[in-house]
Amino acid sequence: MTDRAYELLERVASLLRAEQRRESGATGLEPVHLQALTYLALANRYSDTPQSVGEYLGLTKGNMSQRLLWLERHGYLKRSRDESDGRVVHLRLTDRARDALASLSPPRLWREAAGDTVRLGEELDGLLGRLLARGGYRAFGQCRTCRHHERVNGSPYCALIQVSLDPEQVDRLCREHEEPLPAA
Ligand code: SF4
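Before going into details, it helps to say that this report is about the structure given with it. Please read these numbers as outputs of a predicted model, since none were measured by experiment.

Between helix H2 (residues 31-42) and helix H3 (residues 50-57), the least distance of the axes is 10 Å, while the angle of their chain directions is 115°. Handedness of the crossing formed by H2 with H3: right-handed. In contact with Val32, Gln35, Ala36, Tyr39 and Leu40 of H2, H3 contributes Val53, Tyr56 and Leu57. For the contact of H2 with H3, a count of residues per class yields 7 nonpolar, 1 polar and no charged.

Pairing is antiparallel across the open sheet formed by 3 strands, whose spatial order is S3-S4-S5. Edge strands, defined here as strands with exactly one partner in the open sheet, are strand S3 (149-152) and strand S5 (163-164).

The biggest cluster of nonpolar side chains holds 26 residues, and the ones touching the most others in it are Leu37, Leu40, Leu68 and Leu77. Where this core is concerned, the elements lending two or more residues are H2, H3, helix H4 (61-73), strand S2 (89-93) and helix H5 (95-104). If near-sequence neighbours (up to four positions away) are discounted, Leu37 is found in contact with Tyr76, Leu93, Ala97, Ala100 and Leu101.

In this section: the site of the ligand. Around the ligand lies a shell formed by Asn44, Tyr46, Cys143, Cys146, His148, His149, Cys158, Leu160, Ile161, Cys174, Glu176 and His177. Classifying every residue of the shell around the ligand gives 7 nonpolar, 4 polar and 1 charged.

Parameters at a glance
The residue count restarts for each chain, going from 1 along the sequence in the order it is written. Only residues with pLDDT of 70 or above have their local features reported here, since the model is predicted, and side-chain atom pairs are shown and tallied only from 80 upward, although totals for entire chains, interfaces and linings are computed over all residues. As a rule, the C-alpha atoms of each element are fitted with a line to give its axis, helices using only the stretch in contact, and angles between N-to-C directions run from 0 to 180 degrees. A run of H or I in DSSP becomes a helix once it reaches four residues, and a run of E becomes a strand once it reaches two; helices and strands are each numbered from the N terminus. Definitions for this section: a left-handed crossing has its near helix turned counterclockwise from the far helix by less than a right angle. A right-handed crossing has that turn clockwise. What counts as a contact here is a pair of residues whose C-beta atoms, placed from the backbone, lie within 7 Å. For this classification, Asp, Glu, Lys and Arg are treated as charged, while Ala, Val, Leu, Ile, Met, Phe, Trp, Tyr, Cys and Pro are nonpolar and the rest, including Gly, are polar. For two strands to count as paired, DSSP must find a minimum of two bridges between them. Under the definition applied here, buried Ala, Val, Leu, Ile, Met, Phe, Trp, Tyr and Cys residues are grouped into a nonpolar core through C-beta atoms within 7 Å. Counting other C-beta atoms within 10 Å of a residue's C-beta gives its exposure: the residue is buried at 20 or more, exposed at 12 or fewer, and partly exposed in between, where C-beta atoms are placed from the backbone. Should the C-beta atom of a residue, placed from the backbone, lie within 6 Å of a molecule or strand, that residue is near it.

Here it is as structure tokens:
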């Protein structure tokens, strides 16, 4: 038996990738580059590493490294060493990357044709959560919804890493995010 919702999601995803290729023209940006940039625009300071990008997109280390190198060489990304642990590399978007995301992600076709997607977004959010949980994948959830998120002296605090959090970081995605425990 065919699953119409699955077929439609596959078709919509393929169409949007094709449209991103068409709209990106001669820039050479591919959909996977845009996905990596979109993730990095949302990731917190513990999750903007090459390894996290690979995990989020489900790509092998070699494949992800090549994609990130391409983005760096073409002026979309900058690397910086962590101030307290020199082994950790952070990836930062350049203005060029932000301009590319503003025009290509989502592509113009989506903005013109999709209409009101609030309810659809809520349903897909639930579906994604079930798929991630069932498949044993990291959820990469928003920091403010994490079970380790606390407030100490009125400021956001991570009980897992035991550090104070910048208020602007609490709306971002974190690779260590864990769903709150169910109420007893
Ligand atoms: S509270 Fe959770 S989501 Fe936020 S930084 Fe800590 S582990 Fe990550």
